[in-house]
Amino acid sequence: MKILHISSEKSWRGGERQIAYLLEESEKSDVTFSILVKKNSSFHAYINEKGYECYEKSFSGFKLLTTALFLVRISGQYDVIHAHSGKSHTLTFLALLMGMRKPVVISRRVDFVPKKNLLTKWKYNHLGIRRIVGVSGAITEIMRSYLTREKHRCVTIYSGVDLNRFSQVQHKSLRSVLNLPQDCFLIGNTSALADHKDYFTFLKVAQSLLREDEVYHFVIMGDGPMEVEIESFARDLNLLDHLTFTGFLNNIPEVIGDLNVFLMTSKTEGLGTSILDAFASKVPVVATR
């Protein structure tokens, strides 16, 4: 079997990590694969480093139509098309409308209900979409309720983490890297700086704890579209002396184990593989319901 994986994301987040795991495991099987990625994306850099067969295309505006035509042209080389993100799904839907006849699998990692307009309903209910894979039972049930026909197409395949990445890594002291006192109580998160991760609640927790004791230090390991707003809020709460923004780190398994507590304040999570990362590093987790 030969599979074409499609990732439209520019940044590297949990979904991209999961695709990477999937590709690494596929190398141990008889499955062969190629990847269609967004031009100049972090995932494209990873694919180049690994030496995988790759197509680099645009997913923006009218260029999405050009990419869809390209997908129709090359689809004959593959047995299955696997879309891993929202725009990837849209791309495969357009290709199906343009005449592509290959079966499509969609990975669904977010737990909100898709829009109810006719176009979105058509996109999800198109019978060219052979499977919608939820990364948790909750997502699968949401999608089964959304589909108007052949609800059995929704299945659950849980996301996981590679425990070897955490057990066989050479650990670094995050306190030393950040020049922090060795006796500080370190609380952190590795999620993207996005709205649903609700770092505003994270920062309110920080403010509350620091009123009781200044032994705490907070670290946010990630980047994202709300970086400016979150840093501004932290400044307004006078937290910057007890808070470090590291930006995106590609060595999380090396440093996450130095946390005393992993604090997850998300509004919603499809599954929350960053919590699995913390568990794999034997770090206790405090999370919002």
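None of these values were measured; they are calculated from a predicted model.

Undergrad: Can you break down the overall build of the protein chain residue by residue, with the values?
TA: Scanning the protein chain from terminus to terminus reveals 12 helices and 12 strands. Here the analysis covers contacts within the protein chain between residues at least 6 apart in sequence; of these, 66% occur between residues at least 24 apart. Put simply, the protein chain shows about 14,600 Å² of open surface, and 52% of that area lies on carbon and sulfur atoms. Between the centroid of the 36 positive side chains of the protein chain and the centroid of its 30 negative side chains there is a distance of 12 Å.

Undergrad: Any chance you could break down helix 1 (residues 14–26) for me, citing the residues and the numbers?
TA: With 13 residues, helix 1 should reach 18 Å at 1.5 Å per residue; the first-to-last C-alpha distance of 18 Å fits that figure. Considered for burial, the residues of helix 1 that qualify are Gly-15, Glu-16, Arg-17, Gln-18, Ile-19, Ala-20, Tyr-21, Leu-23 and Ser-26. Of the surrounding elements, those touching the buried residues of helix 1 are strand 1 (2–7), strand 2 (32–38), helix 2 (42–50), helix 7 (164–167) and helix 12 (273–280).

Undergrad: Got a sec to walk through unusual backbone geometry? Specific residues and values, please.
TA: Even without glycine at this site, Asn-238 takes up a positive phi of about 60°. For Asn-238, the position within the fold is in the loop between helix 10 (227–236) and strand 10 (243–245). Owing to a relative accessible area of 65%, Asn-238 belongs among the exposed residues under this scheme.

Undergrad: Give a description of the layout of surface pockets that names residues and reports values.
TA: Computed from the structure, the second largest pocket encloses a volume of approximately 390 Å³. Around the second largest pocket, the lining comprises 21 residues; the ones closest to its centre are Leu-22, His-82, Ser-107, Val-133 and Ile-157. Those elements that provide at least two residues to the lining of the second largest pocket are strand 1, helix 1, strand 5 (104–108) and strand 6 (129–134). In terms of residues, the lining of the second largest pocket owes the most to one element, helix 1, which gives 5 residues. Broken down by class, the residue content of the lining of the second largest pocket amounts to 11 nonpolar, 8 polar and 2 charged.

Undergrad: Pulling in residues and values, what's your account of the packing of aromatic side chains?
TA: Scanning the entire structure with this criterion turns up 13 aromatic pairs. Pairing Phe-43 with Tyr-46 gives two aromatic rings, centres 5.7 Å apart and planes at 25°, and the pair type is stacked. One end of the pair, Phe-43, and the other, Tyr-46, are both in helix 2, 3 residues apart, so they sit about a helical turn from each other. Tyr-46 matches Phe-43 in its accessibility class, with the two residues each being buried. Ring geometry for Phe-93 versus Trp-122: centroids 5.2 Å apart, planes at 85°, classification edge-to-face. Of this pair, Phe-93 sits in helix 4 (residues 86–97) while Trp-122 sits in helix 5 (residues 118–125), placing them 29 residues apart in sequence. Of the residues examined, Trp-122 reaches a relative accessible area of 44% and is grouped as partly exposed. Taken together, the ring pairs in this structure connect Trp-12, Phe-33, Phe-43, Tyr-46 and Tyr-52 into an aromatic cluster. The lysine or arginine in question, Arg-17, covers the ring of Tyr-21, its NZ or CZ lying 4.5 Å from the ring centre. Here Lys-57 stacks its cationic end above the ring of Phe-70, 4.2 Å away from the centre of that ring.

Cut-offs used in this document
- Residues numbered from 1 in each chain as written.
- Predicted model: local features only at pLDDT ≥ 70, side-chain atom pairs only at ≥ 80, totals over all residues.
- Heavy atoms only, no water.
- Helix = DSSP H or I, 4+ residues; strand = E, 2+ residues; numbered from the N terminus.
- Contact = heavy atoms within 4.5 Å.
- Areas by Shrake-Rupley, 256 points an atom, 1.4 Å probe, with all protein chains shown as cover.
- Lys, Arg positive; Asp, Glu negative; His and termini not counted.
- Charge placed at Lys NZ, Arg CZ, Asp CG, Glu CD.
- Expected span 1.5 Å × (residues − 1).
- Buried < 20%, exposed > 50% of the residue type's maximum accessible area, 1.4 Å probe, protein only.
- 1 Å grid on protein atoms, 1.4 Å probe; cavity = no way out; pocket = protein on both sides within 12 Å on 5 of 7 lines; lining within 4 Å.
- Points joined across faces, edges and corners; volume = space filled by probe spheres on them.
- Nonpolar A, V, L, I, M, F, W, Y, C, P; charged D, E, K, R; others polar.
- Phe/Tyr/Trp six-rings, centres within 6.5 Å; stacked < 30°, edge-to-face > 60°.
- Lys NZ or Arg CZ within 6 Å of the ring centre and 35° of its normal.

Keep in mind these values describe shape, not function.
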